[in-house]
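Here is what each chain is made of, one letter per residue.
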Amino acid sequence: MLSREENELLCRVGPGTPMGELMRQYWVPGALSSELPHPDCDPLRVKLLGEELIAFRDTDGQVGLIQNHCPHRGASLFYGRNEEAGLRCVYHGWKFDVAGNCVDMPNEPAESDFRTKVKATAYPVRERGGILWMYLGPRTGEDLPPLPDLEGNMQPDEQTGISIFQRECNWMQALEGDIDTAHVGFLHQGAIKAESAPEGSWARYALRDRAPRYKVIDTEGGVTYGTYRPAEPGSTYWRVAHFLFPFYTMVAAGVLGLKVAVRAWVPIDDEHCFGLSMSKLGTQRRLNQSPNRNLADAPLLPNGADWYGRYRFRANAANDYEIDRDKQRSGASYSGIPSVSLEDHAVTESMGPIYDRTNERLGTSDTMIIRTRRRLIGAAVALRDRGTLPPGVAQPEVYRLRSGGVVLPSDADWTEVTRPLQQAFVDHPGLSLDVLGGVPAV
Amino acid sequence: MLSREENELLCRVGPGTPMGELMRQYWVPGALSSELPHPDCDPLRVKLLGEELIAFRDTDGQVGLIQNHCPHRGASLFYGRNEEAGLRCVYHGWKFDVAGNCVDMPNEPAESDFRTKVKATAYPVRERGGILWMYLGPRTGEDLPPLPDLEGNMQPDEQTGISIFQRECNWMQALEGDIDTAHVGFLHQGAIKAESAPEGSWARYALRDRAPRYKVIDTEGGVTYGTYRPAEPGSTYWRVAHFLFPFYTMVAAGVLGLKVAVRAWVPIDDEHCFGLSMSKLGTQRRLNQSPNRNLADAPLLPNGADWYGRYRFRANAANDYEIDRDKQRSGASYSGIPSVSLEDHAVTESMGPIYDRTNERLGTSDTMIIRTRRRLIGAAVALRDRGTLPPGVAQPEVYRLRSGGVVLPSDADWTEVTRPLQQAFVDHPGLSLDVLGGVPAV
Amino acid sequence: MLSREENELLCRVGPGTPMGELMRQYWVPGALSSELPHPDCDPLRVKLLGEELIAFRDTDGQVGLIQNHCPHRGASLFYGRNEEAGLRCVYHGWKFDVAGNCVDMPNEPAESDFRTKVKATAYPVRERGGILWMYLGPRTGEDLPPLPDLEGNMQPDEQTGISIFQRECNWMQALEGDIDTAHVGFLHQGAIKAESAPEGSWARYALRDRAPRYKVIDTEGGVTYGTYRPAEPGSTYWRVAHFLFPFYTMVAAGVLGLKVAVRAWVPIDDEHCFGLSMSKLGTQRRLNQSPNRNLADAPLLPNGADWYGRYRFRANAANDYEIDRDKQRSGASYSGIPSVSLEDHAVTESMGPIYDRTNERLGTSDTMIIRTRRRLIGAAVALRDRGTLPPGVAQPEVYRLRSGGVVLPSDADWTEVTRPLQQAFVDHPGLSLDVLGGVPAV
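Attention here is on the structure that accompanies the text. All values reported here derive from a predicted model rather than from experimental measurement.

With that settled, consider the overall build of chain A. Summing up its helical and strand segments, chain A has nine helices and 18 strands in all. For 442 residues, the compact-globule estimate of 2.2 N^0.38 gives 22 Å, and the C-alpha radius of gyration of chain A, at 23 Å, lies within 12% of that figure. Oriented by its inertia axes, the alpha-carbon framework of chain A measures out at about 85 × 50 × 45 Å. Counting all 442 residues of chain A, 64% fall into the buried class. When the accessible surface of chain A is summed, it comes to about 15,700 Å², and 50% of that surface belongs to carbon and sulfur atoms.

Shown next, in the form of structure tokens:
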């Protein structure tokens, strides 16, 4: 439960808000490389942290991200011509390069130097692992922070899996669903009987005990939790997962040490976000094996012509997420909603555009959520009041993490024993997906 | 004409508003039994007095009405599973019974007693005559008020007629149309010549004189009016009708003593309401004879997936209420709008979402409306300032009324003579619908 | 660049705003005669300067313009019956003539004189050249100002060309596009090579030099500019155009002295306007030759049932103005947007509903825009603070102007030499459209 003021501080990310300023300290994965497929291709609308921007790939393949409204008289640069190393406004022909410099101003007399006085707001963009990383903050040039060392974003193209979808709600309530391992046993697997998973499989342990205990610890880059349940006599099934500043999750599904995956919950604005997963193919079961496609597990609508027109699920609030009440009733599905992503979609959107946390009732399974909120609010306040650089901005190495499950002797110290398995960029050839055991591994 | 402040007080019904608090003293007919057709059926979205609620029928057939957002972390209980005597949130499996008790909390450790500390807001529901009566007020248990003795709601199923439709405007301007007998001669019958009705029929009297005189008197449960016009020499045609607290009308159409019908104008929120008629079949002419169906006299749209998705007419503002200007011009129809309900629909919605009463010009035919507003405002203020229980809350018998027309000797005292005919639950075998005389009896 | 306060003052036109009061001093061309095609035809919704009004043509052919909400109880008079010299509300039969007098009140007793105390707000309407001129200001009767002597509106029917289309943005940013001759060489002709126009044609001069110089001078009725470029050695190609109070433009395309055309940018409200062109057929090249039709150069949507339902382009923001990126890329079209009107439509709407002028960067080509804003703001403030009658209200003759291009000796004084050609209602038989030279004459 938060006060109204805390909730506002946690959720709002526009320019000048404390959380918005915190996010502007980081590189933001704002779009896919595949959305700007080749030099001089069509420009792209990108709304990020409440700012309306136009991304374009120039003749050299460089990606620019500039203000939507032409600095001259405000026509949208979306309608601009992407030509010869710059985006040209069709209204009067002003042309801007990826750095926001006005490189041509053909409606002014030749002798005018007005061109050199005009600059469009332009944000740095870097490209890695199929993602366009965007920096909307105060630093420039040499002073820009490093990209985070996220293993899922640092694979060769053919091993990279990406999924992306939009959600019509605040980023934080979407994120909270990801660090809430308890919901899996209900929303996604509530209709599955423990007996349906093989004896000795992790799935069996998880389905047998749907109220796991939580351990939550602060880390340099965020918060880590381990949930634990009995496995076989004398052993315990642990699920280890992370929140990483400012909006990343590494969820507990899969095999710790094997799985390489991270999700960003990127705010479009206060009431829209997108979930963007970056993973190494073959290291978890749910994603299929097609490289570099959108692996979202439900049909998307065609792109539309506005700031919220990309990556929308066909199933949405207007059609009750295509719920099938007969399947819900018969137990063929716990929710009746046709996929795991849509189930998450439905519950988090149904909380409202910005969830009111002044009335909730949090239980022990929400320990991780409580701690994560505190870290975020604390860091935003520390930045606002004391200029404290938030966690991870200058430490790319704190993102070198993996998450997932493991079975340990019941008397083991989980933080000690799992530490090597949590390390990214390490091979553990003995690990196998087989232990999961026949149930959808969410 | 009202001041802006009076108009706000009259119209707004959300939690904490004076008129909203007044309405919360009463049972509200909030949905139909047929919308929750059997035990463990799909839950139903019900927005009432500005509150978003979920209704469900449990395994025993009991109907619950609880808050939309799960008390835990706010997922909509609309997507919940209606199972084994409770509605279970699909997010984490919390389950609530019709009283709002959390009867299962499977994501918490077995030893936790957190479950007993959580309660969902739940409102009492009673079921009678095909209607789900809902109480959103402060009383509980033994202290709940009685249901009103509304005869139209107290018939055997096979004799009960129900019509329901939504209106996109404030409840009060919808209600005002019902206590405004003068509009019938124009909006609904303006194109009908007096000569088309048989000599000696009441229709003939009404069509011959479209500017009736009004008598308006306060009653225990609301306001009653009688309008009168000449009938045959020495006799007078009276039409007697009622407003009953907080939002009921019994209109003047039909035969006094015979007709059994009442309409509730139930606020969904300040800018939406629904009209819900409850009647005894065969006692008036307009309604057809199918029991327990929606008798609305115009096609409805399919239900939609939001808080305003039920009982919407296909003809609406977006299509100009399917007006046929040729019929309007030719006189085949006065308005050109294809049914009586749609005519009312069009004019009341066209007044705006909340009609601005600071600029109106009321005439003698508006006497009943003026008095009704005063009673409502007075009762809301008396409740707010002095805690005065509003009319009828504790007196179910004040609702035992009938309305309709009657021909009296011109020197009769109408209040005295019609009193026995206004009494509900009484047989008058001599009365007949035939006197109305061949014209649509609105 | 304007301050926020100046921008608000410039753009907002509702009742009581300074610019709204300025506009209410003038006759406003609010609808087409053809929208009320014959006596007693269907009434018409007209939203003008933020006021919702109903226009109707009475039995004598007179046009009335009255308040939307019936003065009685607020039903929309749009649903009214247009019959026997008045518009009758279908709710209770109140009937109003074109002057707003209540001429029948059939629901009141015959002896009542209430009718004489009720008056609907009604605005004077005059009809000329296919246009319904409406006056929403404070003057009445003999004191009404004259209509402006706009030549394009004073032609015989068969020589009158009208085009009209709605734009979903503030009127002023639409108008600014019209007095911005520099954009033509980019938005509309950016893909056209100078060599494609014949040697010696004006088109050749314009395409050869897309950064013309500006001369801007205040006039009695507004602002006039001349832009100039080299023509042949020793001669200069001038384009002369006008802004006229409060919202008229005469653009620079065509032949000065020959072309008869004016456009009004009429505010529907602060975020919607329509462009209404009135011209003499045959005096410019772009318009085709059908008299008295809507000559808009792109497909329109069917009329819809609301205050913004008329004259909407099918190509709009929701479909990115039907942009063809392949044509844009190949140079078949500079913008890829399929017509001149749609190009203007796209860029001005993309500036936002009300363009924020606090961040723009104006160049030398914006001199005319800067001066026009100053004149408008100055006149609105002078009216508000000192009651000064704005330009042209009492001087219909200041509208007797023409605009267009001309080639002059390079040492000529353009204001002197073009003065006779700028005069309306004068024949210059020697002038010809042929000088323009083979390129779309925008």
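On we go.
Aromatic ring pairs are defined here through the distance separating the ring centres and the angle between the ring planes. Applying the stated criterion across every chain, the model contains 42 aromatic pairs over all chains. Where F165 of chain A meets F313 of chain A, the ring centres are 5.2 Å apart and the plane angle is 25 degrees; that geometry is what we call stacked. Placement of F165 of chain A in strand β11 (residues 160–167) and of F313 of chain A in the loop between β17 (272–280) and α6 (325–330) is noted, with a sequence separation of 148 residues between them. On the accessibility criterion, F165 of chain A (2% relative accessible area) is buried. Directly above the ring of F78 of chain B sits R45 of chain B, whose terminal nitrogen or CZ lies 3.7 Å from the centroid. Sitting above the plane of the W307 of chain C ring, R45 of chain C keeps its charged end 6.0 Å from the centroid.

The subject of this paragraph is the relation of the copies chain B and chain A. Superposing chain B onto chain A takes a rotation of 120 degrees combined with a translation of 0.1 Å along the rotation axis, leaving an RMSD of 0.1 Å. Both chain copies can therefore be described as sitting about a three-fold axis. When C-alpha distances to the rotation axis are compared across chain B, the minimum falls at A318 of chain B, with a value of 11 Å.

Right, let's talk about the sheet that holds strand β10 (residues 131–135) of chain C for a bit. Residues and elements named next belong to chain C. Read from one edge of the open sheet, three strands run β1-β10-β9, paired in antiparallel fashion. The outermost strands of the open sheet, each flanked by one partner alone, are β1 (27–32) and β9 (125–128). Going across the sheet, the axis of each strand differs from the next one's by a mean of 35 degrees, ignoring polarity. Pairing of β9 with β10, which is carried by four bridges, proceeds in the antiparallel orientation.

Glancing now at the packing of helix α3 (residues 171–178) of chain A against helix α8 (residues 367–386) of chain A. When two helices pack together, their arrangement is captured by the angle between the axes and the distance separating the axes. Residue and element names in this part refer to chain A. It is the contact of α3 with α8, at a shortest axis distance of 10 Å, that shows an interaxial angle of 140 degrees. Regarding the angle of α3 to α8, the classification is oblique. For the element pair α3 and α8, the recorded crossing hand is right-handed. Contacts between α3 and α8 pair W171, M172, L175 and E176 from the former with I369, T372, R373 and L376 from the latter. Broken down by class, the residue content of the contact of α3 with α8 amounts to five nonpolar, one polar and two charged.

All names here are of chain B. Of all the nine residues making up strand β16 (residues 261–269), nine are buried; the element is thus mostly covered by neighbouring parts of the structure. Both strand β15 (residues 248–250) and β16 contribute to a ladder of two bridges, which runs antiparallel. Opposite Y248, over in β16, you have A264 as the bridge partner. Judged from the eight bridges that link them, β16 and strand β17 (residues 272–280) form a sheet pairing that is antiparallel.

Our next topic: the environment of I370 of chain A. Mapped onto the elements, I370 of chain A comes out in helix α8. Separated by 122 residues in sequence, I370 of chain A and Y248 of chain A place their C-alpha atoms 16 Å apart.

Here the focus is the interface of chain B and chain A. Each partner contributes to the interface: chain B provides 32 residues, whereas chain A provides 39 residues. Here chain B meets chain A over a buried area of about 2,800 Å², counting both sides, of which 50% is carbon and sulfur. Three residues stand out in chain B for area buried against chain A, namely R73, Y79 and Y91 of chain B, and they jointly supply 28% of the buried area on that side. Viewed at the interface, chain A and chain B are joined by five salt bridges.

Residues and elements named next belong to chain B. The end-to-end C-alpha distance of helix α8 (residues 367–386) is 28 Å, a good match for the 28 Å that 20 residues give at a rise of 1.5 Å each. Those residues of α8 that sit buried are M368, I369, T372, R373, R375, L376, I377, A379, A380, A382 and L383. Packed against the buried residues of α8 are α1 (4–11), α2 (18–23), α3 (171–178), β12 (213–218), β13 (222–230) and β14 (235–244). G387 sits one or two positions beyond α8 and adopts a positive phi of about 70 degrees.

Across the contact, 32 residues belong to chain A and 39 residues belong to chain C. Surface buried jointly by chain A and chain C totals about 2,800 Å² across both partners, of which 50% is contributed by carbon and sulfur atoms. If you sort the residues of chain A by the area they bury against chain C, R73, Y79 and Y91 of chain A come out on top, with a joint share of 28%. At the junction of chain A with chain C, the criterion picks out five salt bridges. Put simply, D42 of chain A and R329 of chain C hold a salt bridge, and the shortest N to O gap is 2.7 Å. The interface formed by chain A and chain C holds 25 residue pairs in polar contact (both at pLDDT 80 or more) in total. Across the side of chain A that touches chain C, the residue classes tally to 15 nonpolar, eight polar and nine charged.

Our focus in this paragraph is the side chain of N153 of chain C. Residues and elements named next belong to chain C. Summarising the element assignment, N153 is placed in the loop between β10 and β11 (160–167). Relative accessible area serves as the criterion here: at 0%, N153 is assigned to the buried category. Sequence-distant contacts of N153, defined by excluding residues within four places in its chain, comprise R128, G129, I131, W133 and M278.

The subject of this paragraph is the environment of V90 of chain A. Structurally, V90 of chain A is set in the loop between β6 (86–88) and β7 (95–96). A relative accessible area of 2% places V90 of chain A in the buried class. Measuring from C-alpha to C-alpha, the distance between V90 of chain A and A253 of chain A comes to 49 Å, with 163 residues separating the pair along the chain. Among residues more than four places away in sequence, those in contact with V90 of chain A are Y79, G80 and R81 of chain A together with F186, L187, Q328, Y334, S335 and V347 of chain C.

Residues and elements named next belong to chain B. Counting buried positions over the eight residues of α3 gives eight, a clear majority of the element. Among the residues of α3, W171, M172, Q173, A174, L175, E176, G177 and D178 are the ones counted as buried. The N-cap of α3, judged by a side-chain oxygen 3.0 Å from the amide nitrogen of M172 a few residues on, is N170.

Residues and elements named next belong to chain A. An order of β5-β6-β7-β8 is seen for the four strands of this open sheet, with the pairing classed as antiparallel. Two strands close off the open sheet at either side, each with one partner strand: β5 (81–83) and β8 (102–104). The pairing of β7 with β8 spans two bridges and is antiparallel. Counted as the bridge partner of F96 is C102 from β8.

As a further point, take the pairing of strand β12 (residues 213–218) of chain A. Residues and elements named next belong to chain A. Looking at chain direction, β12 and strand β13 (residues 222–230) are connected through six bridges and run antiparallel. The residue bridging I217 from the neighbouring strand is T224, located in β13. Remark: three residues form the turn of the hairpin made by β12 and β13, two consecutive strands paired antiparallel.

A complete count under the given rule lists 96 salt bridges over all chains for this structure. R374 of chain A serves as the salt-bridge partner of E6 of chain A, at 3.0 Å between the closest nitrogen and oxygen. Within this pair, whereas E6 of chain A is found in helix α1 (residues 4–11), its partner R374 of chain A is found in helix α8, the two being separated by 368 residues in sequence. Owing to a relative accessible area of 41%, R374 of chain A belongs among the partly exposed residues under this scheme. Residues R213 of chain B and E111 of chain C are paired through a salt bridge, measuring 3.0 Å at the closest nitrogen-oxygen approach. Here R213 of chain B, found in strand β12, pairs with E111 of chain C, found in the loop between β8 (102–104) and β9, and the two come from separate chains. Taken together, the shared-partner salt bridges connect R81, E83, R88 and D104 of chain A into one network.

How each quantity is defined
Residues numbered from 1 in each chain as written. Chains lettered and ligands numbered in written order. Predicted model: local features only at pLDDT ≥ 70, side-chain atom pairs only at ≥ 80, totals over all residues. Heavy atoms only, no water. Helix = DSSP H or I, 4+ residues; strand = E, 2+ residues; numbered from the N terminus. Rg over C-alpha atoms; globule rule 2.2 N^0.38 Å. Buried < 20%, exposed > 50% of the residue type's maximum accessible area, 1.4 Å probe, protein only. Areas by Shrake-Rupley, 256 points an atom, 1.4 Å probe, with all protein chains shown as cover. Phe/Tyr/Trp six-rings, centres within 6.5 Å; stacked < 30°, edge-to-face > 60°. Lys NZ or Arg CZ within 6 Å of the ring centre and 35° of its normal. Least-squares fit on C-alpha atoms with pLDDT ≥ 70 in both. Pairing = 2+ DSSP bridges. Axes fitted to C-alpha atoms, helices over the stretch in contact; angles between N-to-C directions. Parallel < 35°, antiparallel > 145°, perpendicular 65-115°, else oblique. Left-handed = near helix turned anticlockwise from the far one by under 90°. Contact = heavy atoms within 4.5 Å. Nonpolar A, V, L, I, M, F, W, Y, C, P; charged D, E, K, R; others polar. Buried area = accessible area lost by both parts, 1.4 Å probe. Salt bridge = Lys/Arg side-chain N within 4 Å of Asp/Glu carboxyl O. Expected span 1.5 Å × (residues − 1). Polar contact = N/O pair within 3.5 Å; in protein donor to acceptor, adjacent residues only side chain to side chain.

By themselves, these are just geometric observations and shouldn't be taken as functional.
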